[in-house]
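Spelled out from the first residue to the last, the chains are:
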Amino acid sequence: MSNETVVETYHRLAALYDWFITPLQAGTRQRALDVLAIECGEHVVEVGCGPGHAVVALAERVGPEGAIVGLDAAASMANRARRRAVREGAKTHIEICLGDARSLPFRANVADIAFIEDTLELFAEDEIPTVVGELKRILRPDGRLCVVTMERAGAEDDLFVRAYDWLFERVPGYERFGCRPIYASRTLEEAGFVVERQEHLHRAWVWPVEILIARPM
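Residues numbered from 1 in each chain as written. Predicted model: local features only at pLDDT ≥ 70, side-chain atom pairs only at ≥ 80, totals over all residues. Heavy atoms only, no water.

K.L.:
Would you explain the nonpolar core in this entry?
P.N.:
Note that soluble globular proteins tend to have their nonpolar side chains buried in a common cluster. Counting residues in hydrophobic clusters, the biggest one holds 38 residues, and the most contacted among them are Tyr-10, Leu-36, Ile-68, Phe-115 and Cys-146. Among all residues touching Cys-146, those that are not within four sequence positions of it are Ala-32, Leu-36, Ala-114, Phe-115, Ile-116, Ile-211, Leu-212 and Ile-213. If you look at the next biggest cluster of nonpolar residues, it comprises 28 residues, including Val-69, Ile-182, Ala-184 and Leu-188. (Core = buried A, V, L, I, M, F, W, Y, C linked by side-chain atoms within 4.5 Å. Buried < 20%, exposed > 50% of the residue type's maximum accessible area, 1.4 Å probe, protein only. Contact = heavy atoms within 4.5 Å.)

K.L.:
Looking at this structure, how should I read a nonpolar patch on the surface?
P.N.:
On the surface, a nonpolar cluster with roughly 370 Å² of combined accessible area is contributed by Leu-16, Trp-19 and Phe-20. For Trp-19, a relative accessible area of 54% gives the class exposed. (Patch = residues over 30% accessible without salt bridge, like charges linked within 9 Å, V, L, I, M, F, W, Y side chains within 5 Å. Areas by Shrake-Rupley, 256 points an atom, 1.4 Å probe, with all protein chains shown as cover. Salt bridge = Lys/Arg side-chain N within 4 Å of Asp/Glu carboxyl O.)

K.L.:
Please explain the pairing of strand β4 (residues 111-117) as it appears in this structure.
P.N.:
Put simply, side chains in a regular strand alternate between the two faces of the sheet. Counting buried residues along β4, seven of its seven residues qualify, which places the element largely inside the surrounding structure. Note: strand β1 (residues 43-47) against β4, three bridges, orientation parallel. Across the sheet, the residue bridging to Val-44 is Ile-113, located in β4. Bridge count between β4 and strand β5 (residues 139-149): six bridges; the pairing is parallel. Within the sheet, the bridge partner assigned to Ile-116 lies in β5 and is Val-147. For the crossover that starts at β4, traverses helix α6 (residues 128-138) and ends in the parallel β5, the hand is right-handed. (Helix = DSSP H or I, 4+ residues; strand = E, 2+ residues; numbered from the N terminus. Pairing = 2+ DSSP bridges. Right-handed = clockwise from strand over helix to strand, strands pointing away.)

Below you can see the structure in the form of structure tokens.
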């Protein structure tokens, strides 16, 4: 399934995603931000910002001296993120833009932190290294990357992962969502990152998620 088709799916279902999926992500998102140890004044780029929950949380942590840029390929997701930032009254400078993670519209070495949650797994297997390469490009040499994803390594026999694979392969139209477990840690290492921390968590007690904190070599 092309990434353009996946983007169109999330564009059409942005409100439903915001209402039903983001509440499930709250706990793992909070944990990811905690282990990132974000400092006041840092500049953060979130790739695949969706309806903006992490953008607002990031803004609270970097404070008024910091800056947040959220990027999403789905226009309705970006619009929801903009409205959420205004509604939450974020005091940090927040910019929301449309863009493709495979070719980020940012200069090199501009971010202290790159944050990508439930987005890397939306790309085709041969496109994921391109996305990771772009994340590395925009990070400063001492920057850090946080990936929140469904990690396949070590979870091949997990009942949730097996059920997810079955749905992806057998249910017509399900592949339009693009999401499925991936070998994220291995991909980061192959792209020149050092994975400093890995945490395995579950959403709603059944949905396996991994938090990866990595730095460019």
